[in-house]
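Examination of the molecular architecture
Read off the chains here:
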Amino acid sequence: MTRTMQAIHTVGTQITVCAGEVELFTYVYRPDTPVLESPKPYLHPIRTLGGNEVSLFRPHDHVWHKGIAWSLPHLGEHNFWGGPTYVHGSFYVQQDNNGSATHRELTELSIGDGLARIGHRLDWTSQAGAPVIDEQRTLTAMVADDRAWVLVFET
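Remember, it's a predicted structure, so these values are computed and weren't measured experimentally. (Residues numbered from 1 in each chain as written. Predicted model: local features only at pLDDT ≥ 70, side-chain atom pairs only at ≥ 80, totals over all residues. Heavy atoms only, no water.)

Re the overall build of the protein
When its secondary structure is counted, the protein shows zero helices and 10 strands. Mapped from its N terminus to its C terminus, the protein presents α and β elements in the order β-β-β-β-β-β-β-β-β-β. The globule rule puts the C-alpha radius of gyration for 155 residues at 15 Å, and the 17 Å found for the protein is close to it. Summarising its shape, the C-alpha atoms of the protein cover approximately 55 × 30 × 20 Å along the three principal directions. Looking at the protein residue by residue over its 155 residues, the buried ones come to 37%. Summarising the internal contacts of the protein: among those between residues at least 6 apart in sequence, 36% fall at separations of at least 24. When the accessible surface of the protein is split by element, carbon and sulfur atoms take 54% of a total near 8,500 Å². In the protein, 11 positive and 17 negative side-chain charges are present, and the distance between their average locations comes to 1 Å. (Helix = DSSP H or I, 4+ residues; strand = E, 2+ residues; numbered from the N terminus. Rg over C-alpha atoms; globule rule 2.2 N^0.38 Å. Buried < 20%, exposed > 50% of the residue type's maximum accessible area, 1.4 Å probe, protein only. Contact = heavy atoms within 4.5 Å. Areas by Shrake-Rupley, 256 points an atom, 1.4 Å probe, with all protein chains shown as cover. Lys, Arg positive; Asp, Glu negative; His and termini not counted. Charge placed at Lys NZ, Arg CZ, Asp CG, Glu CD.)

Points about the sheet that holds strand E3 (residues 22-28)
Across the sheet, which stays open at both edges, the four strands sit in the order E1-E2-E3-E4 with antiparallel pairing between neighbours. Looking at which strands have only one partner, the edges of the open sheet turn out to be strand E1 (5-10) and strand E4 (42-46). Averaged over all adjacent pairs, the angle separating strand axes in this sheet is 20°, with direction ignored. Taken together, the six bridges between E1 and strand E2 (residues 14-19) define a ladder with antiparallel strand orientation. Bridge assignment links His9 to a residue of E2, and that residue is Ile15. (Pairing = 2+ DSSP bridges. Axes fitted to C-alpha atoms, helices over the stretch in contact; angles between N-to-C directions.)

Overview of the environment of Asn52
Along the chain, Asn52 falls in the loop between E4 and strand E5 (85-87). Apart from the residues within four sequence positions on either side, Asn52 is in contact with Ile46 and Arg47.

Some words on the sheet that holds strand E9 (residues 131-143)
Reading across the sheet, the four strands line up as E7-E8-E9-E10 and stay open at both edges, with antiparallel pairing between neighbours. The two strands at the open ends of the sheet, each matched to only one other strand, are strand E7 (100-112) and strand E10 (149-154). Looking at each pair of strands side by side, their axes are set apart by 15° on average, direction ignored. Bridge count between strand E8 (residues 115-125) and E9: 11 bridges; the pairing is antiparallel. Opposite His120, over in E9, you have Arg137 as the bridge partner.

Some details on the pairing of E8
Where E7 lies against E8, 11 bridges are found, and the strand directions are antiparallel. The partner of Ala101 across the bridge, within E8, is Trp124. Connecting E7 to the next strand, E8, in antiparallel fashion are two residues, including Asp113 with a positive phi near 55°. Counting the residues that bridge the hairpin from E8 to E9 gives five residues, and of these Gly129 lies at a positive phi of roughly 100°.

As for the pattern of salt bridges
Counted according to the given criterion, the structure contains nine salt bridges. Asp123 is the partner of Arg104 in a salt bridge, and the nearest nitrogen-oxygen pair spans 2.2 Å. Residue Arg104 is found in strand E7, and its partner Asp123 is found in strand E8; the two are separated by 19 residues along the sequence. Classification of Arg104 by relative accessible area gives partly exposed; the value is 35%. (Salt bridge = Lys/Arg side-chain N within 4 Å of Asp/Glu carboxyl O.)

Structural data, given as structure tokens:
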């Protein structure tokens, strides 16, 4: 069975990728996330080809977890994971070090040959707003067969 790939772009916030009638995932590239949760793009919900949701959003014990997100808990003095920072001898301590990975520009949104591709640039900044990383990210989704789809994350 052939499934036509489709992308639904809510300009300025998110892109939903579909295979046939199934919404495979939504990539929220400009989230409305509090600073203490280290704002960053994420994929949620994520579904199987059968339509079953397989991602979790803001579980009670780790509210900064949102589906799938690229997070770094310790990048120098910065916390791009979210929540408190582990401090040896003190366990977890909330500090003023929750950085953000912020969408700068969409560089690609294409559908073709059974693939959906999303590319964009991000600015990773400290909680004070200082630049830390300039990232180019690409997500590629493709249907592998009648039972599975594949997501490739490149950065």
